[in-house]
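# Summary of the model geometry
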Amino acid sequence: MNYYVKSFSELSTKEFYEITKLRIAVFVVEQTCPYQEIDAYDEQAVHTWIQEGQTIIGYTRIIDQDTTVTFGRVIIHPNYRGKKLGHQLLEKTLAVIKTQMSGKPIIISAQAHLTDFYGLYGFVPISDIYLEDNIPHIRMRKEKQ
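Residues numbered from 1 in each chain as written. Predicted model: local features only at pLDDT ≥ 70, side-chain atom pairs only at ≥ 80, totals over all residues. Heavy atoms only, no water.

Moving on to the packing of aromatic side chains. Across all of its chains, the model carries seven aromatic pairs by this definition. Geometrically, the ring pair formed by F8 and F16 is edge-to-face, given 5.4 Å between the ring centres and 85° between the ring planes. Ring centres 6.2 Å apart and planes at 50° place the aromatic pair F71 and Y118 in the tilted group. With F71 in strand β4 (residues 69-76) and Y118 in helix α4 (residues 115-119), this residue pair connects regions lying 47 residues apart in the sequence. Residue F71 shares its accessibility class with Y118, and that shared class is buried. Lying over the aromatic face of Y3, K92 brings its terminal NZ or CZ to 5.2 Å of the ring centre. (Phe/Tyr/Trp six-rings, centres within 6.5 Å; stacked < 30°, edge-to-face > 60°. Helix = DSSP H or I, 4+ residues; strand = E, 2+ residues; numbered from the N terminus. Buried < 20%, exposed > 50% of the residue type's maximum accessible area, 1.4 Å probe, protein only. Lys NZ or Arg CZ within 6 Å of the ring centre and 35° of its normal.)

What follows is the structure, encoded as structure tokens:
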């Protein structure tokens, strides 16, 4: 497995195609959530992913928001779930943030059922549960790296 970190301008057309194909398959189709999956944040994000052969098996995008950092679109390919790859992906994502955007708190909008998962990495809830695209979410914060 290889891990990649690229800005939008560094992505090849094929890489962006494979990333968005996976994001749409899970976030739009699997979660039956019709919304604008590709958005303006893609152009400013740092895209990170784990790849095995030609298959993207895990992905995140990181966005520097000046005084804070966020990441999202956290995804593990359906065929690779249950193998603890989410932990590996999150650890690598946090390492990129520490290297490229250190000193800023991280604020995320997490699916509510993942509160304990993110809690293992120092994230604490900072909001009540709310619906985002009809899926329960919660804002979480991790202090400066």
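Let us look at the pattern of salt bridges. In this structure the tally under the stated criterion is 12 salt bridges. Here R73 makes a salt bridge to D39, at a shortest N to O gap of 3.2 Å. Note that R73 is positioned in strand β4 and D39 in the loop between α1 (13-30) and α2 (41-44), a separation of 34 residues in sequence. The class for R73 is buried, based on a relative accessible area of 18%. Residues participating in the shared-partner salt-bridge network are R23, E37, D39, D42, R61 and R73. (Salt bridge = Lys/Arg side-chain N within 4 Å of Asp/Glu carboxyl O.)

We now examine the environment of K14. Its place among the elements puts K14 in helix α1. Once the C-alpha coordinates of K14 and L131 are considered, the two residues, 117 residues apart in sequence, prove to be 33 Å apart.

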